[in-house]
Amino acid sequence: MTSPQLLFFGILAATMALFLSGRLRHDVVALAALMACILSGLVSSEEAFAGFGHPAVITVACVLVLSQGLQNTGAMDWLARGALPPEAGRLPSLVALMGLGASMSGFMNNVGAMALLMPVAVRLSGRLGLTPGQVLMPLAFCTLLGGMTTLVGTPPNLIVSGFRDEAGLGHFAMFDFAPVGVAVAAAGTLFVAAIGWRLVPARKSLSGGGFDTGSYLTEVRITEKSKAVGLSLRDFERALEPSGAQVVGLVRNEVHMFAPRGGRRLQPNDILVLEADVDAVAKTLSVFGLRLEQQGSSFPDAPPGTRAPDSSPDTISAEVLSGGDEDRNEARGRAAREDDILLCEFVVLPGANIVGRTARQLHLRSRYGLNLLAVSRHGTPPRERLGSLPLKSGDLLLMQGPAEVMADFINDAGCVPLAERELRIPQRRMAIIAGAILLGTVGIVTLGWLPAAPAFMLGVLLSMLLRTVPPRQVYSAIDWPVIVLLAALIPVAGAMQTTGAADRLAEVLVDVIAQGNPIAALGVVLVTTMFLSDVMNNSATAAVMCPVAIGIAENLEVSPDSFLMAVAIGASCAFLTPIGHQNNTLILGPGGFRFGDYWRLGLPLEGLVVGVSIPLLLIVWPL
């Protein structure tokens, strides 16, 4: 090996060690690797930051903005309600949910698709008699599988396309990934829906058992189309018995009846006062078509310092944060203006703005008028008080406050509600516009009228002009750590090629492991990419493996397309660990999972992917 090659492999080994340790964020590690290459002379100063203008980086940023438009307008909510059968059995319901997750991931950010469907999955698990984790893990894996079906489905696909263009073969088209990707995604979806969910440990969900706040009062209004219209109060209460909820009052024509007769028939616009826990209210709303009343909801305030009855190490004490006089005055002021107080459970997304910050630093009362009642975290018994506890991705938060500011908190903090709430009101007209923008952009790229980067930038411009994504929200919709990661690693991957390190590594893989057999070498590339994506960021994995794949193809004197596609598939198969992909981290707390739970479903699924993809790669992209 030459000195530059040895130096590069040293930097690469240190970079991978930092990725594995998890002590630093992925974008920080990538910047450190870039700076090491610059200081050692492997990357010139002129080329150091060219990655920030790379088409793949621009396209990823634009796709994230367009995904935000689909979320803002409720386009995916309409799709989910129309695609999921309301009363179907276990297999049809799981196939529909997993298929929807995979389909959505083909055209929007994987994390966004998972975040939109998590409340649906939690609710479906209860109806099917499964634990939330037995639905959440298959859904997370299917959203990863769906990303491999299109050019914009996941950032690694764009990186692979970029390396193909740099090799002089041109970019992959929008649906070049589909012949193999759709088949693999379909096989994986059917497997996890029919068999795979049985391999998921039936852990007790922290969202169901982590918080014990007791019963509270809330008011729900019977709508014109509610299934409760015409029922006697007695029949309605019988339907509520399994959930433990009960009716404690009825408001009709502004008259409050504290002990209404059981034979009284329910009418549109009646207001029912329910005593129930969080899950019971969510179930009642969805089953009977009720909605939370915006005026008069009443929730008891927990006194400062109270503890949750559940004393397990996975649950942190529940207490209402107490701030200074100014904070309390501001909270009282908001409460006076907004009396539709709700209890909501949220999960903290990976990379959320509140990760690493304490509740007191967030000034929840003074900024939002919210109370943090409890935090639940799996496997890490905290020693800090709730107010001084740094939040982590995957934490479950129980929040109390007005619905309007709950929505603001979700947008600012980067959290996902675990129970289905009307915090985002779908707008059919705007949803149609957002969907049309995305489909139009995809059509422009597919027809070859514009390359991906300018086409999706046009979509972003239209989203801002038509207000599906407000201009003020455009920059917050972009996952900047991912953008920096990609931009920093592209020059590092270039150094891997210019120093000959990629060719040297390719020679070792071909001669020592694959023994010169092209099909065996293809399998080695796929399995190696899968392994790396399980322990480090999938975009980083693609950036490292693309030069190696091209080097192997040149060494064997075969077409690199099949090897590059193997990298794209392998980078979307982070199924063995909770750190391989953000979606895996996202379900860690809500599913009650442990680190070693993922491989039980992930390992058979990866074996299935290898068995399906290798023959298809050889047929669709012959060597």
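Conventions we followed
Residues numbered from 1 in each chain as written. Predicted model: local features only at pLDDT ≥ 70, side-chain atom pairs only at ≥ 80, totals over all residues. Heavy atoms only, no water. Helix = DSSP H or I, 4+ residues; strand = E, 2+ residues; numbered from the N terminus. Buried < 20%, exposed > 50% of the residue type's maximum accessible area, 1.4 Å probe, protein only. Areas by Shrake-Rupley, 256 points an atom, 1.4 Å probe, with all protein chains shown as cover. Patch = residues over 30% accessible without salt bridge, like charges linked within 9 Å, V, L, I, M, F, W, Y side chains within 5 Å. Salt bridge = Lys/Arg side-chain N within 4 Å of Asp/Glu carboxyl O. Contact = heavy atoms within 4.5 Å. Axes fitted to C-alpha atoms, helices over the stretch in contact; angles between N-to-C directions. Parallel < 35°, antiparallel > 145°, perpendicular 65-115°, else oblique. Left-handed = near helix turned anticlockwise from the far one by under 90°. Nonpolar A, V, L, I, M, F, W, Y, C, P; charged D, E, K, R; others polar. Expected span 1.5 Å × (residues − 1). Phe/Tyr/Trp six-rings, centres within 6.5 Å; stacked < 30°, edge-to-face > 60°. Lys NZ or Arg CZ within 6 Å of the ring centre and 35° of its normal. Arc of directions from axis to C-beta. Core = buried A, V, L, I, M, F, W, Y, C linked by side-chain atoms within 4.5 Å. Polar contact = N/O pair within 3.5 Å; in protein donor to acceptor, adjacent residues only side chain to side chain. pLDDT = per-residue confidence, 0-100.

Peer 1: How should I be thinking about the overall build of the protein chain in this particular structure?
Peer 2: Within the protein chain, the regular secondary structure consists of 26 helices and 9 strands. By the burial criterion, 57% of the 623 residues in the protein chain qualify as buried. Counting only carbon and sulfur atoms, one obtains 59% of the accessible surface of the protein chain, whose full area is about 25,300 Å².

Peer 1: Hey, could you run me through a nonpolar patch on the surface in this one?
Peer 2: Side chains of Leu447, Trp449, Leu450, Leu458, Leu461, Leu462, Leu465 and Leu466 sit close together on the surface and give an oily, nonpolar patch of about 780 Å² of accessible area. Among the structural elements, leucine 465 can be located in helix H18 (residues 452–465).

Peer 1: For this particular structure, what's the right way to read the side chain of glutamine 5?
Peer 2: Tracing the backbone through its elements, the reader meets glutamine 5 in helix H1 (residues 3–21). Look at glutamine 5 and you get buried, because its relative accessible area is 7%. Apart from the residues within four sequence positions on either side, glutamine 5 is in contact with Thr499, Gly500, Ala501 and Arg504.

Peer 1: How should the packing of helix H6 (residues 110–128) against helix H7 (residues 132–146) be read in this particular structure?
Peer 2: When two helices pack together, their arrangement is given by the angle between the helix axes and by the axis-to-axis distance. Contact geometry of H6 with H7 gives a least axis separation of 9 Å together with a crossing angle of 155°. The orientation of H6 relative to H7 falls into the category roughly antiparallel. For the pair H6 and H7, the sense of crossing is right-handed. Residues Asn110, Met114, Leu117, Met118, Ala121, Val122 and Ser125 of H6 touch H7, and the partners they reach there are Pro132, Val135, Leu136, Leu139, Ala140, Thr143 and Leu144. Of the residues assigned to the contact of H6 with H7, the class counts are 11 nonpolar, 3 polar and no charged.

Peer 1: What is the right way to read helix H20 (residues 480–498) from this model?
Peer 2: Side chains that are three or four residues apart share a direction in an α-helix, a result of its 3.6 residues per turn. In this model H20 runs 28 Å from its N-terminal to its C-terminal C-alpha over 19 residues, within 8% of the 27 Å that 1.5 Å per residue would give. Within H20, 14 of the 19 residues are buried, which leaves it mostly tucked inside the rest of the structure. Trailing H20 by a residue or two, glycine 500 shows a phi angle of about 85°, which is positive.

Peer 1: Would you mind going over the pattern of salt bridges with me for this structure?
Peer 2: Two side chains that carry opposite charge are able to pair once their charged atoms sit near each other. In total, this model carries 3 salt bridges according to the counting rule given. One salt bridge in this structure joins aspartate 561 and arginine 164, with 2.7 Å as the shortest N-O distance. Within this pair, whereas aspartate 561 is found in helix H24 (residues 561–571), its partner arginine 164 is found in helix H8 (residues 155–166), the two being separated by 397 residues in sequence. Residue aspartate 270 is joined to arginine 252 by a salt bridge in which the shortest nitrogen-to-oxygen separation is 2.6 Å. Separated by 18 residues along the polypeptide, aspartate 270 in the loop between strand E3 (255–257) and strand E4 (271–276) and arginine 252 in strand E2 (residues 246–252) bring together distant segments of the chain. Taking relative accessible area as the criterion, aspartate 270 reaches 2% and is therefore assigned buried.

Peer 1: Honestly, unusual backbone geometry in this entry has me stumped. Any pointers?
Peer 2: Residues apart from glycine generally show negative phi values, whereas peptide bonds are mostly found in trans. Even without being a glycine, asparagine 269 presents a positive backbone phi close to 75°. Topologically, asparagine 269 is positioned in the loop between E3 and E4. Judged by relative accessible area, asparagine 269 falls into the partly exposed class, the value being 44%.

Peer 1: Please clarify how the packing of aromatic side chains should be interpreted in this entry.
Peer 2: A ring pair, where both rings are aromatic, is described by two values, the distance of the centres and the angle of the planes. Enumeration according to the criterion identifies 8 aromatic pairs in this entry. Seen from their ring centres, phenylalanine 172 and tryptophan 621 are 5.6 Å apart, and the 75° between their planes marks the pair as edge-to-face. Of the two residues, phenylalanine 172 is situated in the loop between H8 and helix H9 (178–194) and tryptophan 621 in the segment after helix H26 (598–620); the sequence distance between them amounts to 449 residues. Take phenylalanine 172 and tryptophan 621: they sit in the same class, and that class is buried. Each residue in the set Phe172, Phe177 and Trp621 is aromatic and connected to the rest through ring pairs, giving one cluster. Directly above the aromatic system of phenylalanine 172 lies the positively charged group of arginine 164, at a separation of 4.6 Å from the ring centroid.

Peer 1: Whenever I open this one, helix H21 (residues 501–513) confuses me. Can you help?
Peer 2: Compared with an ideal rise of 1.5 Å per residue, which puts 13 residues at 18 Å, H21 spans 17 Å between its outermost C-alpha atoms and is within 8% of the ideal. For H21, the complete set of buried residues consists of Ala501, Ala502, Ala506, Leu509 and Val510. Down the axis of H21, the buried side of the element spans an arc of 160°, and every buried residue falls inside it. Positioned one or two residues after H21, glutamine 515 has a phi angle of 55°, which is positive.

Peer 1: Hey, could you run me through the packing of helix H3 (residues 55–73) against H20 in this one?
Peer 2: At a minimum axis separation of 9 Å, H3 and H20 run at an interaxial angle of 170°. Here H20 runs roughly antiparallel to H3, going by the angle between their axes. For the pair formed by H3 and H20, the contact residues are Val57, Val60 and Ala61 on the first element and Val482, Ile483, Leu486, Ala487 and Ile490 on the second.

Peer 1: Got a minute to help me understand the nonpolar core in this structure?
Peer 2: A general tendency of soluble globular proteins is for nonpolar side chains to be buried together. Among the nonpolar cores identified, the biggest contains 172 residues, and Leu97, Ile354, Phe409, Phe456, Ile552 and Phe563 are the most heavily contacted of them. Excluding its chain neighbours within four sequence positions, the residues that come into contact with phenylalanine 409 are Ile354, Leu364, Tyr368, Leu370, Leu397, Met399, Gly414 and Cys415. In this structure, Ala228, Phe236, Met257 and Leu266 belong to the second largest nonpolar core, which totals 16 residues.

Peer 1: Would you mind going over the side chain of threonine 499 with me for this structure?
Peer 2: Its location among the elements puts threonine 499 in the loop between H20 and H21. Residue classification places threonine 499 among the buried positions, given a relative accessible area of 12%. From its side chain, threonine 499 meets the backbone nitrogen of alanine 501 in a polar contact 3.4 Å long.

Peer 1: In this structure, what is going on with the confidence of the model for the protein chain? I would like to understand it.
Peer 2: Low pLDDT marks stretches whose predicted atomic positions should not be read closely. For the protein chain, the mean per-residue pLDDT works out to 77, and 79% of the residues sit at or above 70. Within the model, the stretch residues 206–217 combines pLDDT values under 50 with 48 contacts to residues more than four positions away or in other chains. Below pLDDT 50 for its whole length, residues 379–385 participates in 9 contacts with residues either more than four positions away or in separate chains.

Peer 1: Could you clarify how one ought to interpret the environment of alanine 187 in this entry?
Peer 2: Structurally, alanine 187 is set in helix H9. Sequence-distant contacts of alanine 187, that is, excluding residues within four places in its chain, are made with Leu608 and Val612.

Peer 1: Help me understand the environment of glycine 591 in this model?
Peer 2: Among the structural elements, glycine 591 can be located in the loop between helix H25 (582–586) and H26. Sequence spacing of glycine 591 and glycine 133 is 458 residues, and the spatial spacing of their C-alpha atoms is 3.9 Å.

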